[in-house]
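# Geometric and topological summary
Letter by letter, the chains look like this.
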Amino acid sequence: MSMQTLSMGNDRLVQAVVARQTVASVQDITKTYHMGELAVQVLHGISLDFYHGDYISIMGPSGCGKSTLMNILGCLDQPTSGRYFLGDKDTSQMNDNELSAIRGARLGFIFQSYNLIPQLTVLENIELPLFYQGHPAEESRHIATELAARVGLGDRLEHRPFELSGGQQQRVAIARALSNDPLIILADEPTGNLDSKSGAEILNLFDELHQQGKTLIMVTHSDELAERSQRQIRLRDGRVESDERSH
Amino acid sequence: MNEAIKHPAVLAVFQRIKLHLQPVYWTRFRKTAEVGIKSIHAHGLRSLLTVLGIVIGVAAVISMLAVSEGASFEAQQQFRALGSNNIIVKSVKPASLEASGGNNMRPQSISYGLTYEDILTIQQTIPGISNVIPSRIIKKDVRHLGRDISTDVVGTTIDYPISRNYSLRAGRFFSEEEMLAQRNVAVISDEVARALFPMTDPLGESIRIDGNYYNIIGVMEPEAYSNLGRSQAGSSNAAPTRIFIPLSAARYRFGETLVRQASSGVEMETVELHEAIIQVQDQEQVEAVGQIIEQILERRHRRVDYAVEVPLALIRQAEESALRDQIVAGAIAGISLLVGGIGIMNIMLASVTERTREIGIRRALGARKKDIVQQFLIEAVILSGVGGLIGVVIGILIPVIISIFWGMTTIVTVTAPLLAFSISALIGVVFGIYPSISAANMDPVEALRHA
Ligand SMILES: Nc1ncnc2c1ncn2[C@@H]1O[C@H](COP(=O)(O)OP(=O)(O)OP(=O)(O)O)[C@@H](O)[C@H]1O
Ligand SMILES: [Mg+2]
């Protein structure tokens, strides 16, 4: 551990020292969907703190609100009530533009169905968050090339998504999620569409990211996968059922 | 002035403009345009069919305007050649004389047309007439050595070239003295010069008409617009093979009565003057003077054996008809561009629906609503702009083809393609706005869930 800390350079060292710093915090959030007359409350007051460098899995039966919570954490949706702090920013009062900006600057998304843009090459897909951040093109290209190599796709830069296997596509998605150096990486069932071998590769990558100090929140159905994370949160009917730390 | 520039609001605007000029924005624009081109390219045929309306609209307008512009230019050029201060009075053989004659073989004598007295009356009663140039026009064969050519021999006065804006290619027109002395001098048209003197310089040579020799003292410039310049009742439509001689000489040599072998027998035709150009000092008065001349001639003649032409009125008509063409072209443009615009809106709506998920992804990765609007708007403008560009190319080619194969004058002005192209690009913006905004207003979560 100390060897690694040294090799990670100064800023990583600083981050390691201030570990257990809160990167995100939800406070008593609820979510209610209105379908005509009918109001369906999906989240019933969830409060959680997420710490820097943590690897967290969220579990629970289908329909318990995992994706709903992830959407709120990802600033794609806003809670009906309660507060959500991302870093030092309260997102509850943000307008659409501010939410877009914070998504682009502080969050990385990995979806079950990869969600790459089919017209764009591997490299262009990875660059996309940087593009919306207004990064200089040259620098973006450099970052994207490096990340593609890191997820083992250095030889597929100009390929289109449909020319890649599911596992490869998901690795592109991971590289894309890393490109803007986000505060949190959000993954909603990232291995849900993959066979066990490809799924294992993805999880190995997650382990690596965790070791490098990234903060990861992953939704999964599998206890086995959740085992690999440090902290397991179980939801049931829109409430936190349990919140355990394993390592 | 300086105070205004230093106002914080103004400075903020400058700041914004400066920001937008930064290379980062240009790169973003270029990237967005690239994505637009890619997705247009991905649906090649569909995109092509979509812009067809714009292509046809733009091409139709440009070529219609080019043809109309060309026709009006040609007409105006012809009428200008007649002189916008001129009124042209001509002798016309009345139809009643043509019909009569029957089948008796007795020589027939007919007399019609303008007289010297008509011209004198006109000149004396109407103020503001600066000059009158009468002419007699007689068909004659002209010979030089072994060659001969059928020409209109025009007996006229010294001001004829000035009044018609004709200039001489070589030599000079005849003078006052030659006129008074009834000299046998001739100025020949370019066509006659080329027919009779293909190799040699005609100046100083002699030509023979009816046994008399005439000295060539000048050659006219070729006439670009001859159709309306030609005169004389019954003369052919042939090229202006003309010879100009002093009116005095023409009267003296040929008299006023023409004897002709007609189908009905020998015909003696008496015409004093075939044509007179009446120049009016003030252009404003030309049309009024034309009407007065008409009235005078009506009183003096039993039959309508004359015609009064006012080139200025014809110019006005040509201008009016050009304007009408432009209005029609505008209406066609409006309709086809509207249809084209609706096509673009339709395809953009389809594209937005097809790419709902892409929109969701982009939003998740930090795209603002504005970015999404921009992306689809750029795509719509590229579509309509490409359509407009193809339309401009076709619209310029069509008049060229018309000119080559039908010999029509066509004029593509700079403004027509420019305007048509700008409007087509604007169509992209106008009809792209709704689809783009509906794309931007999608809920990111819903969009990501889209199949
Ligand atoms: N837009 C919506 N409108 C109405 N109800 C919704 C909407 N989105 C989600 N729900 C409901 O909220 C509940 C929770 O959905 P959510 O997608 O968060 O479940 P989940 O835990 O992710 O389930 P799964 O494991 O199957 O993905 C479900 O009952 C769902 O029907
Ligand atoms: Mg889910």
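For clarity, every value in this text was computed on a predicted model and none was experimentally measured.

Scanning chain B from N- to C-terminus turns up 16 helices and 13 strands. Considering chain B as a whole, with its 451 residues, one finds that 46% of them fall into the buried category.

Turning to a nonpolar patch on the surface, a few remarks are in order. A cluster of nonpolar side chains, contributed by Val393, Ile396, Leu397, Val400, Ile401, Ile404, Phe405, Trp406, Met408 and Val412 of chain B, occupies part of the molecular surface with about 1000 Å² of accessible area. Mapping isoleucine 396 of chain B onto the fold places it in helix α14 (residues 369-406).

What follows deals with the sheet that holds strand β5 (residues 89-90) of chain A. All names here are of chain A. Pairing in this open sheet of four strands is antiparallel, and the strands run β2-β1-β4-β5 from one edge to the other. Because the sheet does not close on itself, it has two edges, and the strands there are β2 (38-51) and β5. Pairing between strand β4 (residues 81-86) and β5: two bridges, direction antiparallel. In the strand pairing of β5, phenylalanine 85 is matched with aspartate 90.

If you check the backbone angles, aspartate 181 of chain A has positive phi at about 45° while not being a glycine. Relative to the elements of secondary structure, aspartate 181 of chain A occurs in the loop between α7 (166-178) and β7 (184-188).

A word on the packing of helix α4 (residues 44-82) of chain B against helix α15 (residues 415-440) of chain B. Residue and element names in this part refer to chain B. The interhelical angle for the contact between α4 and α15, taken along N-to-C directions, is 160°, at an axis separation of 9 Å. With respect to their mutual orientation, α4 and α15 come out roughly antiparallel. Crossing of α4 against α15: the hand is right-handed. In contact with Ile54, Val58, Ile62 and Leu65 of α4, α15 contributes Ala416, Pro417, Ala420, Ser424 and Ile427.

Our next topic: the site of ligand 1. Surveying the vicinity of ligand 1 reveals 14 residues, the closest of which are Ser62, Gly63, Lys66, Ser67 and Thr68 of chain A. Near ligand 1, the surrounding residues are drawn from chains A and B. At 3.0 Å, a backbone N or O of glycine 65 of chain A approaches an oxygen atom of ligand 1. With the chains in place, 68% of the 630 Å² that ligand 1 exposes on its own is no longer accessible. Using a 2 Å cut-off from the grid points, one finds that ligand 1 occupies the largest pocket. Only β1 (22-35) and α3 (66-73) of chain A together with α16 (444-449) of chain B provide two or more residues apiece to the shell around ligand 1. Examining the composition of the shell around ligand 1, we find that three residues originate from one element, α3 of chain A, more than from any other. Here the shell around ligand 1 is composed, by residue class, of four nonpolar, six polar and four charged.

Bringing the interface of chain A and chain B into the picture now. Each partner contributes residues to the interface: chain A has 26 residues there, and chain B has 27 residues. A combined buried area of about 2400 Å² lies between chain A and chain B, and 57% of that area is made up of carbon and sulfur atoms. Per-residue buried area on chain A facing chain B is highest for Gln119, Phe131 and Tyr132 of chain A; these three make up 29% of the total on that side. There are two salt bridges connecting chain A and chain B. The tally of links from chain A across to chain B stands at nine residue pairs in polar contact (both at pLDDT 80 or more). Every element with two or more residues in the side of chain A that touches chain B is listed here: α4 (96-106), α5 (122-133) and α6 (137-150) of chain A. Top contributing element to the side of chain A that touches chain B by residue count: α5 of chain A, with six residues.

All names here are of chain B. Tallied over the entire structure, the rule returns six aromatic pairs over all chains. Both rings, one in tyrosine 160 and one in phenylalanine 244, keep their centres 5.1 Å apart while their planes meet at 45°; by these two values the pair is tilted. Of this pair, tyrosine 160 sits in helix α7 (residues 160-164) while phenylalanine 244 sits in strand β9 (residues 242-246), and the two are 84 residues apart along the sequence. Residue class for tyrosine 160 comes out buried when judged on its relative accessible area of 1%. Taken together through their ring pairs, the aromatic side chains of Tyr160, Phe173, Phe174 and Phe244 make up a single cluster.

The method is simple in principle: a probe with the dimensions of a water molecule rolls over the atoms, and the space it marks as empty is what remains. If you add up the space inside the largest pocket, you get close to 600 Å³. Around the largest pocket, the lining comprises 28 residues; the ones closest to its centre are Ser67, Thr68, Asn71 and Asp188 of chain A together with Arg449 of chain B. Of all the secondary structure elements, the ones that give two or more residues to the lining of the largest pocket are α3, β6 (107-110) and β7 of chain A together with α16 of chain B. Tallying contributions element by element places α3 of chain A first for the lining of the largest pocket, with five residues. By residue class, the composition of the lining of the largest pocket is 12 nonpolar, 11 polar and five charged.

Residue and element names in this part refer to chain A. Taken in spatial order, the six strands of this open sheet run β6-β7-β8-β3-β9-β10, and their pairing is mixed. Of all the strands in the sheet, the pair left with one neighbour each is β6 and β10 (239-245). With strand direction ignored, the average angle separating the axes of adjacent strands in the sheet is 15°. Seen against the sheet, helix α8 (residues 196-211) touches β3 (55-59), β6, β7 and β8 (216-219) and runs at an angle of roughly 155° to β8.

All names here are of chain B. The interhelical angle for the contact between α4 and α14, taken along N-to-C directions, is 40°, at an axis separation of 7 Å. Of the two possible hands of crossing, α4 and α14 adopt the one that is right-handed. Here the residues of the contact of α4 with α14 sort into 16 nonpolar, eight polar and no charged.

What follows covers empty space enclosed by the protein. For the structure on display, the rule yields three cavities of 30 Å³ or more. If you add up the space inside the largest cavity, you get close to 270 Å³. As for the largest cavity, its lining consists of 21 residues, of which Glu127, Leu128 and Phe131 of chain A together with Lys31 and Thr32 of chain B are closest to the centre. Secondary-structure elements contributing two or more residues to the lining of the largest cavity are α5 and α6 of chain A together with α3 (23-42) and α14 of chain B. If you tally residues by element for the lining of the largest cavity, the top one is α3 of chain B, at eight residues. Looking at the lining of the largest cavity, its residues break down into seven nonpolar, six polar and eight charged. Each pocket or cavity is described by its volume, and for the second largest cavity that value is around 90 Å³. In terms of lining residues, the second largest cavity is bounded by Ser39, Ile40, His43, Arg46, Ser47, Ile347, Met348, Ser351, Arg355, Glu379 and Leu383 of chain B. Broken down by secondary-structure element, the contributors of at least two residues to the lining of the second largest cavity are α3, α4, α12 (311-354) and α14 of chain B. In terms of residues, the lining of the second largest cavity owes the most to one element, α12 of chain B, which gives three residues. Considered class by class, the residues forming the lining of the second largest cavity number four nonpolar, four polar and three charged.

Thresholds applied
- Residues numbered from 1 in each chain as written.
- Chains lettered and ligands numbered in written order.
- Predicted model: local features only at pLDDT ≥ 70, side-chain atom pairs only at ≥ 80, totals over all residues.
- Heavy atoms only, no water.
- Helix = DSSP H or I, 4+ residues; strand = E, 2+ residues; numbered from the N terminus.
- Buried < 20%, exposed > 50% of the residue type's maximum accessible area, 1.4 Å probe, protein only.
- Patch = residues over 30% accessible without salt bridge, like charges linked within 9 Å, V, L, I, M, F, W, Y side chains within 5 Å.
- Areas by Shrake-Rupley, 256 points an atom, 1.4 Å probe, with all protein chains shown as cover.
- Salt bridge = Lys/Arg side-chain N within 4 Å of Asp/Glu carboxyl O.
- Pairing = 2+ DSSP bridges.
- Axes fitted to C-alpha atoms, helices over the stretch in contact; angles between N-to-C directions.
- Parallel < 35°, antiparallel > 145°, perpendicular 65-115°, else oblique.
- Left-handed = near helix turned anticlockwise from the far one by under 90°.
- Contact = heavy atoms within 4.5 Å.
- Near = heavy atom within 4 Å.
- Polar contact = N/O pair within 3.5 Å; in protein donor to acceptor, adjacent residues only side chain to side chain.
- 1 Å grid on protein atoms, 1.4 Å probe; cavity = no way out; pocket = protein on both sides within 12 Å on 5 of 7 lines; lining within 4 Å.
- Sits in = over half its atoms within 2 Å of the grid points.
- Nonpolar A, V, L, I, M, F, W, Y, C, P; charged D, E, K, R; others polar.
- Buried area = accessible area lost by both parts, 1.4 Å probe.
- Phe/Tyr/Trp six-rings, centres within 6.5 Å; stacked < 30°, edge-to-face > 60°.
- Points joined across faces, edges and corners; volume = space filled by probe spheres on them.

It is worth stressing that arrangement in space is one thing and function is another; only the former is reported here.
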